[in-house]
Amino acid sequence: MRDVPVGHVIRNARRQAGMTQTALAGALGVSVSYVNLIEHDRRQVRGKRLKDITTILNIDPKALDGETEARLLTELEEVSSDPALAGLDLDWTQVRSLVARYEPWAHALVALYRAGQRDQSLIAAFSDRLNHDPVLNESIHKMLNASTAIHSVTTILNESAEISAEQRVRFDSILGEEATRLAGIAQSLAGFFERNEQPGTALTAPEEVDEFLFERRNYFPDIEERIEQIRKSLDHDALPSTPALVESLEEDGISVRRLPLTELPETAHRLTYFDGKTLLLAEGLPRATERFEIARRITGLKASDIIEAELERAPNLTSNDARNRAKRALHAYAAAALLMPYDKFFEATKTTRYDIDALAMAFNASPEQLCHRFTSLRRPGAEGVPFAFLRANAAGYLTKRFPLPRLPMPRFGGACPLWAVYAAMQTPDLRQRQLAEFPNGDRFFIIARATRPVAGGFGKTLPGFSLMLACDALNADRLVYSDGLNLSSTAQAEPVGPTCLLCPREHCAHRQEPSARAK
Amino acid sequence: MKANVLIAEDEQNIAESLRFILEQAECNVRHATDGEAALREARLSVPDVLILDVMLPSLNGFDVLKTLRADDALKDVAVMVLTAKGQSQDRQTADALGADVFVTKPFSNAHIVSEVLRLAALRSGVSG
């Protein structure tokens, strides 16, 4: 496991508390030089000593868990792998010092890098548009024709001696016509670009939402509290049944109807349709999906204000698109909280050891809903296993990503083809498990499973996905799926990487592109 | 002997300027505004040179060229392909279909005239 520099947090907290190193050493019962080593990240603190430091300096334990620093290191590793920096011979130990001593500058570097990436993708998108956009192609064609006529006629007027007065008048009129036409084309082009103007942000909307969820550790106590009130108001101590959920909606004036697929409106999304007064569900929709859709409408009615308040506290969601995406994510979060109440769900994860099939039966939930809920079990004092969650589509593209600080995940496209999320696609319904070792020595336990598409009819199929959960190998024994595996630090693990570009395993048979880290 | 030129161009103003400069160069000029009309005109009286715009209504320039080259009576017509796009793909297609000259818009009047006269002279050499 890579050591993470958190000494600067201790040093800053000590200074803020007005304590000397000597005083802290005395309170901890260690030598002054040992405190000095800790503050300069030359000794890692864990366990009781870490707890003592947080108590003495009144630091939130989360500030010392190293998650922010670990993520920053991962991001800086990605920065340093950029081919544009090849040849600078960047010294990795200096990166640790940068994070330890000048963390804001490290964040600035990452922010600039992301802004550069964003600009590159915008340039690529614009270039693609210039080459293929039908409106632009048509405009350019017209412009070239108009300028051809103007150029040719001007040459005639300037260079032809034998031109009659009548012809001269005609050519003058052509010039006028084409000049007017050219002006019209220029105006429509200006309008086209104005319509397509986008505000410049360093991150795409999905990335902003990823950041938002990561910063909040995908745990929203205010939403949990509100949902708990709603659940109690349903007058069910146990899990809300589907009839109880429907009844709740109907009390609020929303009817729920199940219809044959062919009778759903053409615009129905994911085999459901909601017009504000009626929720239409395709007959045969999986129960878990049906319950989730109903729950989502309930939280839409009863928790919108609390979700809006969360969004108000998220200034980094800069675009309307990002805010709308975040809103949808929080409504889905709230629906999951309603169907899988925190305390009951947390207890069940411990009892079943995260057995997805057992939990799916107990909570009438789908594997994807369960995986999402696992990542939100972050309440202090009742924290579940910290998981990374991924969802990949049939093309291998990562369509959902919730990272762990030490588990690098590609920002764009696909990941290392050796991750179990891809192997799972070849064996739908069978769960894959993998003890994976990354090039830096970090080990993760991974489980993955592909879901089959839900056939709603020709052209109306809900796509299948491959889902992956990953946790630190140290937590693997808390999962039923690790049973029978040798999890010791010397056990054989499958060597994987983050992406080909970032992976130094030069001779990997799965390599698709050269490594930027190869020397 | 005057060169017979057929212009297949749907842009009226470009066609007019082409007709003017070619008539100044002592060519006999006819004009068709779409692909089917161009083939009709060519069959009516076989031209020495066809100036063929790519983006034509009804039948585009490449279809006209393909038909021309497959027709024994028309296969020897010298063809100058005109395009407003000028992309390498268009040039490759024109070459593959047997165009003699490829010109991108905006063009130079002098270049058009000299190329048309050159093609016509070559053709009269072939036929004569």
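Since the model is a prediction, treat every value here as computed from it, not as a measurement.

Caption draft 1: Fine view of helix 14 (residues 304-312) of chain A. All names here are of chain A. Buried residues of helix 14: Ile306, Ile307, Glu310 and Leu311, and no others. Buried residues of helix 14, seen end-on, are gathered within an arc of 145° and therefore sit on one face of the element. Along its buried surface, helix 14 packs onto helix 11 (221-233) and helix 15 (320-339).

Caption draft 2: A look at the nonpolar core. Ranked by internal contacts, the top residues of the largest apolar core, which has 72 residues, are A:Ile223 and A:Phe374. Ranked by residue count, the leading element in this core is helix 15 of chain A, at ten residues. Each of domain 3 (205-383) and domain 4 (385-519) of chain A gives at least three residues to this core. When sequence neighbours within four positions are dropped, the list of residues in contact with A:Phe374 reads A:Phe345, A:Thr349, A:Tyr354, A:Ile356, A:Leu359, A:Val385, A:Phe387 and A:Leu469. Formed by 31 residues, the second largest nonpolar core is a distinct cluster that contains A:Ile163, A:Phe171, B:Ile21 and B:Leu22.

Caption draft 3: Region of the structure containing the packing of helix 2 (residues 21-28) of chain A against helix 4 (residues 47-57) of chain A. Residues and elements named next belong to chain A. Contact pair helix 2 / helix 4: the axes reach a minimum separation of 10 Å and the direction vectors enclose 125°. In terms of orientation, helix 2 and helix 4 fall into the oblique class. Every pair of crossing elements has a handedness; the one defined by helix 2 and helix 4 is right-handed. Of helix 4, the residues touching helix 2 (which contributes Leu24, Ala27 and Leu28) are Arg49, Asp52, Ile53, Ile56 and Leu57. Taken together, the residues of the contact of helix 2 with helix 4 sort by class into six nonpolar, no polar and two charged.

Caption draft 4: Quick peek at the side chain of A:Thr349. All names here are of chain A. Here Thr349 lies in helix 16 (residues 342-352). Classification of Thr349 by relative accessible area gives buried; the value is 0%. Not counting the four nearest positions on each side in its chain, Thr349 is found in contact with Tyr354, Leu359, Phe374 and Leu377.

Calculation notes
Residues numbered from 1 in each chain as written. Chains lettered and ligands numbered in written order. Predicted model: local features only at pLDDT ≥ 70, side-chain atom pairs only at ≥ 80, totals over all residues. Heavy atoms only, no water. Buried < 20%, exposed > 50% of the residue type's maximum accessible area, 1.4 Å probe, protein only. Helix = DSSP H or I, 4+ residues; strand = E, 2+ residues; numbered from the N terminus. Arc of directions from axis to C-beta. Contact = heavy atoms within 4.5 Å. Core = buried A, V, L, I, M, F, W, Y, C linked by side-chain atoms within 4.5 Å. Domains from an automatic or database assignment. Axes fitted to C-alpha atoms, helices over the stretch in contact; angles between N-to-C directions. Parallel < 35°, antiparallel > 145°, perpendicular 65-115°, else oblique. Left-handed = near helix turned anticlockwise from the far one by under 90°. Nonpolar A, V, L, I, M, F, W, Y, C, P; charged D, E, K, R; others polar.

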